[in-house]
Amino acid sequence: MIDLSKILHTPWYIDYLNSIPRETLLAILENSFTEIYVLDKEGKIVYANPAVTRLYGINPEDIVQKDSKQIKEGLWDPYSFDLTKVSHRAIVTENIYYKTNRSIICINVPVYNDQNEFEFMISTSLDNIGAVDLSYRDVRNPIESIDLGFSDRVIGKNKLFKQCMSDLEKAAKTDCNLLILGESGTGKSYIAQTVHNQSRRSHNSFVAINCATIPDGLFESELFGYMPGAFTGANAKGKIGLLKSADGGTIFLDEIGDLSPKMQVKILDVLENKRFFPVGSNKPEHVNIRIIAATNQNLIHAIKEKKFRSDLYWRLNTVKVILPSLRQRKDDILFFITYFLNDFNKRYNTKKIFSKTIISYIINYDWPGNVRQLKNAVERMCILSDSIIVNESLFLRYLDQEEDIEEAYEESFNVEAFKKRTVIKLYSKYKSSRIIAKEMGVSQSTANLLINKYCI
Ligand SMILES: Nc1ncnc2c1ncn2[C@@H]1O[C@H](COP(=O)(O)OP(=O)(O)OP(=O)(O)O)[C@@H](O)[C@H]1O
């Protein structure tokens, strides 16, 4: 007989509990989201609620009245009933459920009768997303409460990056022109849009123009618009240009370093006089726009080589930020992984997580394509991974598939060098081709080849 008074309840509450109808108690158990199952003193499963189906894909009726040891053998690890029985306290275990390769936290509570004899064990199980990889769990919380004060969708706690964001936050409150520099994929466009969203111009348009992709001959008419019949092939009604459509808002001139000398003069004129002439018109149009420009080129070099006007440079450059490359902000990589993973898990309705090893591989890599490349890699690995835990073999495959990155980026990270570093590191730790093969997700003979090549 279980003595409820031992659970430290007042007598009226015990009476109250005894008055709750059996159906209500059953309904509570049956509808609980958390998995609950009960083993008697022999380890026989005497109750399991429907949440076992959600967690394990098995029905309560398939396991009730059966020996838990047999049910669990080969499927769950570890088996903790024997330990819980004698422990006189709750035992918390991290179980791996092999069918789904899923890690599950089990809290086993032994219940004793008034003779202090073991009566049964109540086990509750929870999905254990964080515990598979503690580093992953550690970054989960900071990311949700990341405080940049500027925008919660801009990821980054790195010192260099935060300095940029702090400058941008101040600039966003004004109408000053802004120059955003940084390698390709560091987030220049993303951050330009954020500045606009945080500015008092946010209720008006943000118009992005890629200076590298609009042919020189079309640039002027695209930007300034044109009058009816301004040139052969022109729309008979004329056309409003992008500058006019951004009136009151922000124009983002991406890849400004690729602007032709002729258009540089025109843009300088707009900046200085806040007006422009549509093609075919000699009547100036006045606009109220803020210009944010960005480029991954070295504008000082371009000025020296007379490819970029220094007066335009200084006009654009009221506030300038140089976004750090991902190599310079490796301390943000974990945040990005978590952020992108959350996004892709939502998009693809999955629950993928990254193993500790793959995270360390990712941090070691130099990411020549910066945040854009990392985002792309996380998405690809999320889609391709067969198991919930995405492991390092997928990342090595990603590197193999992207070997041409080396040609695309001058100072790129070297895939061969990365493999070499990985093999040397693993060999010095394990001295076993079998373990190295497992860690790298390759066959043992490949591991042997790699060891012979790099370590012996
Ligand atoms: N701090 C950040 N927080 C969240 N996402 C980011 C951040 N920085 C970059 N991204 C993401 O990285 C991707 C690339 O960013 P973006 O296109 O702004 O780079 P870019 O520097 O403008 O590249 P390019 O020079 O090639 O035009 C985008 O998908 C963006 O969502």
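Residues numbered from 1 in each chain as written. Predicted model: local features only at pLDDT ≥ 70, side-chain atom pairs only at ≥ 80, totals over all residues. Heavy atoms only, no water.

> Explain empty space enclosed by the protein to me, please; I cannot follow it from the model alone.
With a probe scaled to a water molecule rolled over the atoms, the places where space remains empty come into view. Applying the stated criterion across every chain, the model contains 2 cavities of 30 Å³ or more. By volume, the second largest cavity amounts to about 40 Å³. Around the second largest cavity, the lining residues are N177, V270, L271, K274, I289 and I291. Broken down by class, the residue content of the lining of the second largest cavity amounts to 4 nonpolar, 1 polar and 1 charged. (1 Å grid on protein atoms, 1.4 Å probe; cavity = no way out; pocket = protein on both sides within 12 Å on 5 of 7 lines; lining within 4 Å. Points joined across faces, edges and corners; volume = space filled by probe spheres on them. Nonpolar A, V, L, I, M, F, W, Y, C, P; charged D, E, K, R; others polar.)

> Hey, could you run me through the layout of surface pockets in this one?
Its volume calculated, the second largest pocket comes out at about 460 Å³. Together, 23 residues line the second largest pocket, and G185, T186, G187, Y190 and V371 are the ones closest to its centre. Of the residues that constitute the lining of the second largest pocket, the class distribution is 9 nonpolar, 6 polar and 8 charged. Among the domains, domain 2 (169–322) and domain 3 (329–454) are the pair contributing at least three residues each to the lining of the second largest pocket. (Domains from an automatic or database assignment.)

> Is there a simple way to think about the packing of aromatic side chains in this case?
Any pair of aromatic rings gets described here by the distance separating the centres and the angle formed by the planes. For the structure shown, the criterion picks out 16 aromatic pairs. Their ring planes at 55° and their centres at 6.2 Å tell us that W12 and Y16 sit as a pair that is tilted. With W12 and Y16 both in helix α1 (residues 11–19) and 4 residues apart, this pair spans about one turn of that helix. On the accessibility criterion, W12 (59% relative accessible area) is exposed. When the centroid spacing of 6.0 Å and the interplanar angle of 75° are considered together, the rings of Y112 and F118 count as edge-to-face. (Phe/Tyr/Trp six-rings, centres within 6.5 Å; stacked < 30°, edge-to-face > 60°. Helix = DSSP H or I, 4+ residues; strand = E, 2+ residues; numbered from the N terminus. Buried < 20%, exposed > 50% of the residue type's maximum accessible area, 1.4 Å probe, protein only.)

> What is the right way to read the side chain of T250 from this model?
The topology assignment puts T250 in strand β11 (residues 250–254). Here T250 falls in the buried class, since its relative accessible area comes to 0%. If we ignore the near neighbours within four places in the chain, the residues touching T250 are H196, R201, S205, F206, V207, R290 and I292. (Contact = heavy atoms within 4.5 Å.)

> Would you take a moment to explain the packing of helix α15 (residues 333–348) against helix α16 (residues 356–364) for this structure?
To describe two helices that pack against each other, one gives the angle between their axes and the distance between the axes. Packing of α15 against α16 brings their axes to within 10 Å, and their N-to-C directions diverge by 120°. The angle between the axes of α15 and α16 places the two elements in the oblique class. For the pair α15 and α16, the crossing hand works out as right-handed. The residues of α16 that touch α15, namely those facing I333, L334 and I337, are I359, I362 and I363. Residue composition of the contact of α15 with α16, by class: 6 nonpolar, no polar and no charged. (Axes fitted to C-alpha atoms, helices over the stretch in contact; angles between N-to-C directions. Parallel < 35°, antiparallel > 145°, perpendicular 65-115°, else oblique. Left-handed = near helix turned anticlockwise from the far one by under 90°.)

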